[in-house]
Every structure is written in C-alpha cells, then in structure tokens.
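Residue strings, one per chain:
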2 protein chains.
Amino acid sequence: MFCRIAAGAAAAAVVYEDDATLAFLDSMPMIKGHVLVIPKAHYTDLGEAPAAVLGAVMQTVQRVMRAQRGGLKADGVRLIQSNGAAAGQVVPHLHFHVIPRFDNDGAPRGWAHTEYADDAERDAVAERIRTGL
Amino acid sequence: MFCRIAAGAAAAAVVYEDDATLAFLDSMPMIKGHVLVIPKAHYTDLGEAPAAVLGAVMQTVQRVMRAQRGGLKADGVRLIQSNGAAAGQVVPHLHFHVIPRFDNDGAPRGWAHTEYADDAERDAVAERIRTGL
C-alpha cells in the first residue's frame, strides 16, 4: 500500500515530499495531524534500511515535527515505529508515526511497566543483548 | 540524569557504547530488555539534534534492535521517542526507547484512533502542517 502511495498510484493527503521520502496523513490518526513518514524505496522495517536512507527519513521526520509544532501548534510530538507483527506493525513497509500531542488531548502519555526482580536478573538480560550485538 | 549516565557518574546496565552514543537498560521497562539509546552530547529533544548526531543515534538503535532479535529472540521491536511533556517526555535529554516485543507479551500493540469528519477537514489539517514546514 505504501509503495503504491509513494508511486502516486494511491491517494493520500501528502504534507511533504522529496526524492527519497514521503510524508502523509495517517487515515486513522491517534490525534488529528498524525503523519506517516516513509522512504520511497521499499524496506520492510528499520533493520533493513541503509544509513543514507535512514538519514533522509529522519530529516523528514524532524521537518514534520517542526511543522506540527509550528503549523498545528502542537505542545509535543511522539514518534512510534514498529518492526514486526509482534510490535504492532501492520503495513510491511518501513514507516514512522509522527504524532502531534496537545496538553489535554486525552491520549495516553506513559505505559505500564514492569521491574527486574533484582540486579542479577537485570544484568543477565543486558548480557543476553550484548551477545546479540 | 542521562548526562550523568553518559559521563559515567551514574550507574546503568550498559549494553553498547561508542564515541557518540550510549545504550542502556531502562530501569522501568515496558518489557524486560527495553533499552534507551541516547547521544552523549546533550540535546533536549529530536528537534535539536544535528544530522550527524542523529545518524549515530539511529545506527545504535539499529544495532540494539538486531541484538534484541538475535540475543533476546524478540519477535518484534517497537521504537518510541517523545518530545515535550505533552508527548510524555520525562527526562529532557533526547532518548529513543527500543522495546523488544514478543508474540504473547501482553503489552498493547495498537492504539485508539479517531477519524477525520470528511476529506475537507483532513485537507485543512494537512494544509496547516504544510504552512509550518
């Protein structure tokens, strides 16, 4: 779907476009003004994107953030980016959600969290991550 | 606080470090293995970060993502990055949450969404963003 939007073959409310990236309104916004930023080239997720592509995408993300603050008078901006169905990714084309937030917008700000049983458990988890580096 | 961690003056379970960035476990994880990636230099949020710094941060984010998939056997990875109190930012030092997700981890995948009343409302919001570019 996002490839079709990038190719101009599907409609979208585009807010910004350059050679490498496209930014358009999410049709099911968490908050009105919620933008999706994608690379025009196809990458399934963040793990696959080369540094140059990711640099272009992040520059567009920054540009959209500033425009949400300036143009929409957003009080804050949240970025969400999901990789894999387990993380909530629905469309398998790398995309960043850039969501304008307002002081009393009613959407959640934080999330439920857990705790490590003790430092030993915490250090064991850190070590498992390090072995995957 | 994150400046003190970056300077080695506060303890953290570090999983990766290079000249420009640091990655360490969030002490209040959404899911165990939840990592924070920060630039060592101080920027309040994403709006302020120069492209080179952001490039280094995103490279570390990718590295951590791959390590969570490889080392922790995560099924997916979600990124969250908050700018401003209205977006849920608590510590005013740019940071990316890199959260390993598992098929049955019980944490939310999606979010409540709203809809534009009609295409005219949607187009008006897009236009307001474009004026802020």
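The rules behind each value
Each chain has its residues counted from 1, running along the sequence as written. Just so you know, chain letters begin at A and ligand numbers begin at 1, following the order they were written in. Where local features are concerned, this predicted model is filtered to residues with pLDDT of at least 70; where side-chain atom pairs are given and counted, the filter is 80 or more; whole-chain, interface and lining totals use all residues. Remark: hydrogens and water are excluded; side-chain values derive from all non-hydrogen atoms of the structure. Least squares is the method for superposing the copies, and the C-alpha atoms it fits come from residues with pLDDT of at least 70 in both. Two residues form a contact once any of their heavy atoms are found within 4.5 Å. Pairing between strands requires that DSSP locate at least two bridges from one strand to the other. Strands are runs of DSSP state E lasting at least 2 residues, helices are runs of H or I lasting at least 4, and numbering of each runs from the N terminus. Values of pLDDT, the confidence the predictor places in each residue, fall between 0 and 100.

This part takes up the relation of the copies chain B and chain A. Take chain B, turn it by 180°, move it 0.0 Å along the axis, and it overlays chain A with an RMSD of 0.0 Å. Such a combination of turn and shift is consistent with a two-fold rotation axis. Considering only C-alpha atoms, the residue of chain B closest to the rotation axis is Ile80(B), which sits at 2.3 Å. A share of 100% of the interface residues of chain B reappears at the interface of chain A, consistent with the copies meeting face to face through the same patch.

All names here are of chain B. The pairing of strand β1 (residues 14-17) with strand β2 (residues 21-25) spans 3 bridges and is antiparallel. By the bridge assignment, Val14 is partnered in β2 with Phe24. The antiparallel hairpin formed by β1 and β2 contains 3 residues in its connecting segment.

Another aspect to go through is the confidence of the model for chain A. Detail in the predicted coordinates should be disregarded across regions flagged by low pLDDT. Of the residues in chain A, 100% reach a pLDDT of 70 or more, and the chain-wide mean stands at 95. Note on the complex model: pTM 0.96, ipTM 0.96.

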